[in-house]
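# Inside the fold
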Amino acid sequence: MSSSPTDLLTRYLDICQMHDVQPSSDVVSWLKKAMVQKITCQKCTVVILLDQLKNADLSPLIDLFCSNDSNALETVDLLCESSADLHEYTVLSLMHAINTRLRVVDIRDTPLKEDILRDLFVTGLQCQILNIKSTKIQKLNMAGKFMHMHTLNMDFCTSLSSMEKDCFTYMPNLTRLSMCATRVSNLWTTAAALLKLPSLLELRFQNCLCCKDTSPCHLKDVNTPKTSSNMPIEGYFGKLHIDEHAVSQKYNSHHPSPICFQKHYREYMIVSLPRLKVLDNCQIGKLDGERAKTVFSSYYEVLPNKRQHKESIISVLHMRETGTSGMLNQKSLKSKGPSLHKKSQSFYSRSLCAAKLGSSAWPVLHPLSNISQIMKEEGKLLRPRQFEYHQTDPSLMAFGTLEGEVVVINHETGNLVNYVPFFDTNKSVLGLCWLKRFQSKLVVGYDNGSLRLYDINDTLPEVADNYCSSTGVEFDDFRHLTSVHVNATDEQILTSGYSKKVAVYDISTGKRLHLFTDMHREPINVAKFAHHSPSLFVTSSFDHDVKMWDLRTKPVNPCYTASSSSGNVMVCFSPDDLYLLVSAVDNEVKQLLAGDGRLHTNFDIAPTGSGQNYTRSYYMNGRDYIISGSCDEPVVRVCCAQTGRRLRDIYLEGQNARSLMFVQSLRGDPFRHFHMAILAAYVRPSSKWEIIKVNLLSSGQYSSEYQKGQHLCPSYRSGT
């Protein structure tokens, strides 16, 4: 025989007597209501209000729900309307004891500790509705089994910034998800996590003002908001943009998460989540889907290297071994029947990269923060200010510090190769450049204007091993130095700085060969030689101009001038010297033809509106892709150099919501496709900078060392 609510009440009173605690009048009242429901043939439900319980009441309830008598209840709702002073792990045990009868868990606004939430997310729950609104979560990893849950509310989780790789793995029935007013901003990892939800139909990161849940807005006049034109909508964090042709009435966006301000956010989500029916309280119609595909294909790149369809790594390796592409040769169909294309090794390498990147939404980020542990001086903190990969040795990297040290490391193993101590405590390293023919030498420029040429194969005789010395060549100082570069033949050094001057030095004698003045109307931030033409160099200035010069003709007049709409932060040649990559303040990035300065690609990166957001961009994978980051933003953008389409964004995150992290500089790895290094600066609590290696071809989480750092220094607009 099945138990009745009357038996359940009796059982509860017996358990209280066993625990020697007074029965809770509230619990008795709830159970009596269940008795009435049973008698009147209603659904037998108990609503537990945690606010009305004491810690002593929890253990009897846990025993009650673990007993067979609790089978008389069909559903149980567990609500917390205020900050109840209860033992959190005991509350968690109560949830698990209720088990499959758990329908609603509403613990909004409760100050649950992070480890409690972590345990909840890892173990999972049997509830159907979970409301964790306004709880303190930073990285969401709901990897536990939530097999019956169909509704999840995480609105106003204002610390929540990202979803981890295993999130949403076991939620087959989740249909409604709300994440308004969070800090989620990454389109790529967010879409990859949400794609694991096979039943997701309604999603919102912002809400219509009149809507209380995720369902479509009841106002018939409101159509889908868009982000593809310049019609502004006032939002919580700024302005959204919508399609004027698709909206008949102003859409009342409310409490948007930062992801909503990504350009073409709506189109990206519609294409990435094809089963979705409602986004941000707006119905997704057939025309919305078609329009989204058009916008997506023109602005985003799903896979690199012009690959249109995802392939498994195993299938690409098999094709490489068999020398085929798996595609039928069309000509052979007309003649001798089907045969398979034979492709070059480059084709298979690019296909393999595409397959790896396509399966790696979460790139691996690894900090080079352990170098100080292998220094001779214990406890020494190294704060990188500039860095460069070696040009011929894939394992070497040099970086200069804010204190004036120069460090050469094997970035693959983390081992120290050589170290130059500081000679002046008031100088920082702002420029580094490896020589090409003399591969053990590098030029270093300091912010006090001094230049030095070091050979990592030489050591100082009076100090320990691995301390390299200057070559003895003396250079005249260049005041306000911010940039140094060596020409293609290793014969000359080019310097520029926070002035209107550019100097050229003989690298073997240290003699200054040229001092050009008034090349620009404002300071020249960066000057770079071409990679293959030793006499050509380019300058970029805060006067908005980029100029090409030729030392074979006295550079009184430039070969040509190209202009940006704001001050130029830097410029560099593509590896084959066919293009120039120009970065101006606040994400104005474009590629020019090096021959005449005409515009080739505009990367159309959204500005922040800050005049102090200094942007730097470099090439990656030869000249196939560019990477771009800015000193007021925690993101690096990867774009196709030929089309300008966005491939991926890489977000940097600190340990908690208060530890902001920004991009100070970056470089593409010259030997490994889709690898790069980022010089990151942290805003608090301490002043520390570090170099973070990024691998886009491997899927993983941030390494443990990466999560430990909390730090930042002021932004520098000078240097590269």
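About the cut-offs
Residues numbered from 1 in each chain as written. Predicted model: local features only at pLDDT ≥ 70, side-chain atom pairs only at ≥ 80, totals over all residues. Heavy atoms only, no water. Helix = DSSP H or I, 4+ residues; strand = E, 2+ residues; numbered from the N terminus. Buried < 20%, exposed > 50% of the residue type's maximum accessible area, 1.4 Å probe, protein only. Contact = heavy atoms within 4.5 Å. Areas by Shrake-Rupley, 256 points an atom, 1.4 Å probe, with all protein chains shown as cover. Phe/Tyr/Trp six-rings, centres within 6.5 Å; stacked < 30°, edge-to-face > 60°. Lys NZ or Arg CZ within 6 Å of the ring centre and 35° of its normal. Pairing = 2+ DSSP bridges. Axes fitted to C-alpha atoms, helices over the stretch in contact; angles between N-to-C directions. Salt bridge = Lys/Arg side-chain N within 4 Å of Asp/Glu carboxyl O. 1 Å grid on protein atoms, 1.4 Å probe; cavity = no way out; pocket = protein on both sides within 12 Å on 5 of 7 lines; lining within 4 Å. Points joined across faces, edges and corners; volume = space filled by probe spheres on them. Nonpolar A, V, L, I, M, F, W, Y, C, P; charged D, E, K, R; others polar. Core = buried A, V, L, I, M, F, W, Y, C linked by side-chain atoms within 4.5 Å. Expected span 1.5 Å × (residues − 1). Arc of directions from axis to C-beta.

What follows is about the overall build of the protein chain. In terms of regular secondary structure, the protein chain is built from eleven helices and 43 strands. Counting over 720 residues, the protein chain shows a buried share of 57%. Put simply, 57% of the contacts in the protein chain that link residues at least 6 apart link residues at least 24 apart. Accessible surface, the protein chain as shown: approximately 30,800 Å² in total, 50% of it carbon and sulfur.

Another point: the packing of aromatic side chains. A full pass over the atoms with the stated rule returns twelve aromatic pairs. When the centroid spacing of 5.5 Å and the interplanar angle of 55° are considered together, the rings of W188 and Y268 count as tilted. Taken together, the residues span a long stretch of sequence, with W188 in helix α6 (residues 187–194) and Y268 in helix α7 (residues 265–272) at a distance of 80 residues. For the pair W188 and Y268, a shared accessibility class is recorded, and that class is buried. Aromatic pair F537 and W549: ring centres 6.4 Å apart, planes at 20°, arrangement stacked. Of the two residues, F537 sits in strand β30 (residues 536–541) while W549 sits in strand β31 (residues 545–550), which places them twelve residues apart along the sequence. The pair F537 / W549 is uniform in exposure class, with both members buried. In this arrangement the basic side chain of K441 is found over the ring face of F438, its NZ or CZ atom lying 5.3 Å from the centre. Over the ring of F387 we find R667, and its NZ or CZ is 5.4 Å from the ring centre.

Here we have four strands laid out as an open sheet, ordered β33-β34-β35-β36, and antiparallel in their pairing. Both outer strands of the open sheet, β33 (568–573) and β36 (599–602), are each paired with one neighbouring strand and no more. Here the average twist between neighbouring strands, direction ignored, is 20°. Looking at chain direction, β33 and strand β34 (residues 579–584) are connected through five bridges and run antiparallel. Bridging across to β34, V571 finds its partner in V582.

To continue, consider the pattern of salt bridges. Per the stated rule, a full pass over the model turns up 22 salt bridges. Here K139 makes a salt bridge to E653, at a shortest N to O gap of 3.2 Å. Of this pair, K139 sits in strand β5 (residues 139–140) while E653 sits in the loop between β40 (646–651) and β41 (661–668), placing them 514 residues apart in sequence. For R646, the salt bridge identified is with D649, shortest N-O distance 2.9 Å. Judged by its relative accessible area of 3%, D649 falls in the buried class. Where salt bridges share partners, they join E412, D669 and R672 into one cluster.

This part covers the environment of L365. Relative to the assigned elements, L365 resides in strand β16 (residues 363–367). When the C-alpha positions of L365 and K693 are compared, they lie 5.7 Å apart, and in sequence the two are 328 residues distant.

What follows deals with the side chain of S257. With respect to the helices and strands, the residue S257 is situated in the loop between β13 (253–254) and α7. A relative accessible area of 0% places S257 in the buried class.

This part covers the layout of surface pockets. Here the second largest pocket defines a volume of roughly 790 Å³. Along its surface, the second largest pocket is lined by 27 residues, and E388, Q391, H531, P575 and P670 are the ones closest to its centre. Secondary structure elements with two or more residues in the lining of the second largest pocket: β17 (384–389), β21 (429–434), β29 (524–529), β33, β37 (615–620) and β41. Grouping the amino acids of the lining of the second largest pocket by side-chain chemistry returns twelve nonpolar, nine polar and six charged.

Within β41, eight of the eight residues are buried, leaving the element largely enclosed by the surrounding structure. Alignment of β41 against strand β42 (residues 675–682), held across seven bridges, turns out to be antiparallel. Its bridge partner being in β42, L666 is matched across the sheet by I678. Counting the residues in the hairpin turn of β41 and β42 gives six residues, including F674, whose phi is positive at 60°.

So, on to the nonpolar core. Ranked by size, the top nonpolar core spans 89 residues in total, and within it M142, F168, L177 and F205 carry the most contacts. Residues in contact with F168, not counting those within four places in the same chain, are L140, M142, L152, M163, L177, A193, L194, K196 and L197. Within the second largest apolar cluster, 37 residues are counted, among which are V636, L647, M661 and L697.

Let us look at helix α8 (residues 286–299). Every α-helix winds through 3.6 residues per turn, so residues three or four apart in the chain are directed the same way. Look at α8: 20 Å from first C-alpha to last across 14 residues, which is about the 20 Å you get at 1.5 Å a residue. Among all positions in α8, only D288, G289, A292, V295, F296 and Y299 are buried. Looking straight down α8, one finds that the buried residues subtend no more than 130° of arc, so they occupy a single side. With respect to the buried face of α8, the exposed residues turned more than 90 degrees away are K286, L287, K293, T294 and S298. The elements touched by buried residues of α8 are α7, β15 (282–283) and β40.

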